[in-house]
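# What the coordinates show
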Amino acid sequence: MEGTFWGPDFAALERDDPEIAAVLLGELARQRVTLNLVASESPTSPAVLAALGSTLANKYAEGYPGQRYYGGCEQVDRAEELAVQRARELFGADHANVQPHSGASANLAAYAALAEPGDPVLAMGLPHGGHLTHGSRANFSGRWFHPIAYHVDPDTEEIDYDEVRELSLAHQPKLIICGAMSYPRLIDFARFRRIADEVGAYLMVDAAHFIGLVAGRAVPSPVPYADVVTSTTHKALRGPRGGLILCRSELAQRIDKAVFPFAQGGPMMHAVAAKAVAFREASRPAFRAYAEQVVRNARELVAALAEEGMRPVAGGTDTHLAVLDLRALGVSGRDAEQRCERAGISVNRNVVPYDPVRPAIASGIRIGTPAVTTQGMAEPEMRRIALLLATAVRADPGTPAGADALTGVRDSVRELAGEFPAYLPELVTTR
Ligand SMILES: *Cc1c(COP(=O)(O)O)cnc(C)c1O
């Protein structure tokens, strides 16, 4: 390789904008001394960050490779061709669109390609793990389409496939969506396919949460079953923030037109290049080992937390995430989230199925293992994390003993995080 790379110049930022420079330093420090159990996050590699912080950020490239509305696109064309080719190979898909700015943008484009305003769309209800873009009234999906919600079975807390079929027969949806934000079990894509075929609906799998596990072959792929798979690239996949759409060849043109010009303008070519980097990383054996470890870690963490009195929704996990019902401990999801935050552990409050309290309070928390696994943690560390998390959740900061306990957990968290740093010191520019 020849040429010079102009990469991020932190000294220039510190000189020109000390306020934002301080934010960047603060965020790196935060990521280094806390435990990240947010199920939708995982630290990107230095290679992904290098592509993001590159001069590709300067380039307008409306259109697609070879058919741009701007000159000077020969280099970014190459980046997009590589990203598309790698995504197709990694996921075994006929076609890939790598331009969506986010998972929500990918979903907007998929709706636009497959349905007309007013069409019935069947998707998992938000309180049971669905996403805002699956029919929430606060979102385009619930305002411009006619949303119908399916649920989980109250006993098993797994998707009620009989209800999915009954609702499909009754409402004849144009589009059926599966894939969720807080569903810990595997989804039976074949069963969704059969139901979609029975009523002549398109099947869209929103794989935003688990696409990284699909890439690492740790869970089954939706690609053989779905008409369209939408996703993010920044969750367990460890790419840049962004979206991705995979589809069968017959739908390729419709998907491409729905992304641009229907839903978006110019693509973010630095992010497209970073997606290409992430797809290549995800095709390596090391990524497969990571994906498998993510699931093993989630199972271990859930088992250890269950011993501490936190009930895993749906009885456990097959993936990278779990929802824990805290009612037996008498602590709300909101209080648990705040206590963990004080102790340096990032989790988020989450409703449990048929939750009697409102989402702002919630009866549970959601946890995930992609970030800690990327940092190199394995089963023994999951046991340590479970003890720290359980101590934090039980500690009432309103009492002196509780406040002390949270400080103690915070110190232990810092120590554990320090043993498994997200970014090695030598890779980072500091003052
Ligand atoms: C994260 C997520 C999205 C949205 O992704 P953004 O990039 O935040 O827009 C959509 N669907 C599901 C199921 C998700 O988990």
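Residues numbered from 1 in each chain as written. Predicted model: local features only at pLDDT ≥ 70, side-chain atom pairs only at ≥ 80, totals over all residues. Heavy atoms only, no water.

## Things to note about the pairing of strand E8 (residues 202–206)
E8 sits mainly inside the fold: 4 of its 5 residues count as buried. Where strand E7 (residues 175–178) and E8 come together, 4 bridges link them in parallel fashion. What sits directly across from Cys178, in E8, is Val205. Handedness of the crossover is the feature at issue here: the chain leaves E7, passes through helix H8 (residues 189–199), returns alongside E8, and the resulting connection is right-handed. The pairing of E8 with strand E9 (residues 228–232) spans 3 bridges and is parallel. Bridging from a neighbouring strand, Asp206 pairs with Thr230 of E9. (Buried < 20%, exposed > 50% of the residue type's maximum accessible area, 1.4 Å probe, protein only. Helix = DSSP H or I, 4+ residues; strand = E, 2+ residues; numbered from the N terminus. Pairing = 2+ DSSP bridges. Right-handed = clockwise from strand over helix to strand, strands pointing away.)

## Focus: the domain arrangement of the protein
As far as domains go, the protein holds domain 1 (55–282) and domain 2 (290–419). Taking only C-alpha atoms into account, the centre of domain 1 sits 29 Å from that of domain 2. Taken together, the contact pairs 24 residues of domain 1 with 25 residues of domain 2. With both sides pooled, the region where domain 1 packs onto domain 2 buries about 2,000 Å², and carbon together with sulfur makes up 57% of that total. (Domains from an automatic or database assignment. Contact = heavy atoms within 4.5 Å. Buried area = accessible area lost by both parts, 1.4 Å probe.)

## Examining the sheet that holds strand E14 (residues 348–350)
The 4 strands lie next to each other as E11-E12-E15-E14, forming an open sheet whose pairing is antiparallel. Every interior strand has two partners, whereas the edge strands, strand E11 (311–312) and E14, have only one. Two elements, E11 and strand E12 (residues 321–325), share 2 bridges in a ladder whose sense is antiparallel. Looking at E12, one finds that Arg311 is bridged to Asp325.

## A short note on the packing of aromatic side chains
Across all of its chains, the model carries 11 aromatic pairs by this definition. With a centroid separation of 5.2 Å and 80° between ring planes, the pair formed by Tyr111 and Phe140 is classed as edge-to-face. With Tyr111 in helix H5 (residues 103–114) and Phe140 in helix H6 (residues 140–143), this pair connects stretches of sequence that are 29 residues apart. Note on accessibility: Tyr111 and Phe140 belong to one class, buried. (Phe/Tyr/Trp six-rings, centres within 6.5 Å; stacked < 30°, edge-to-face > 60°.)

## Observations regarding the site of the ligand
Residues in contact with the ligand amount to 13 residues; listed here are only the nearest, Gly103, Ala104, Asp206, His209 and Lys235. One of the backbone N or O atoms of Gly103 is found 2.8 Å from an oxygen atom in the ligand. Taking 390 Å² as the accessible area of the ligand by itself, protein coverage stands at 85%. Here the shell around the ligand takes 3 residues from H5, the largest share from any one element. In the shell around the ligand, the residues fall into 4 nonpolar, 7 polar and 2 charged. (Near = heavy atom within 4 Å. Polar contact = N/O pair within 3.5 Å; in protein donor to acceptor, adjacent residues only side chain to side chain. Areas by Shrake-Rupley, 256 points an atom, 1.4 Å probe, with all protein chains shown as cover. Nonpolar A, V, L, I, M, F, W, Y, C, P; charged D, E, K, R; others polar.)

## Focus: the confidence of the model for the protein
Looking at the protein, the pLDDT average stands at 96 and 98% of residues meet or exceed 70. Note that residues 427–431 has pLDDT below 50 and, in this model, 7 contacts with residues that lie over four places away or in other chains. (pLDDT = per-residue confidence, 0-100.)

## What about the sheet that holds E9?
Judged by pairing direction, the sheet is mixed, and its 7 strands sit side by side in the order E4-E10-E9-E8-E7-E5-E6 without closing on themselves. Unpaired on one side and paired on the other, strand E4 (95–97) and strand E6 (146–150) mark the two borders of the sheet. Shown here is a sheet whose adjacent strand axes are inclined to one another by a mean of 20°, direction ignored. One ladder, built from 3 bridges, connects E4 with strand E10 (residues 243–247); its direction is antiparallel. Within the sheet, the bridge partner assigned to Asn97 lies in E10 and is Ile245. (Axes fitted to C-alpha atoms, helices over the stretch in contact; angles between N-to-C directions.)

## Description of the side chain of Thr34
Along the chain, Thr34 falls in the loop between helix H2 (18–33) and strand E1 (35–36). From its side chain, Thr34 meets the backbone oxygen of Arg30 in a polar contact 2.6 Å long. Not counting residues within four places of it along the chain, the set of residues in contact with Thr34 comprises Gly344, Val413 and Ala417.

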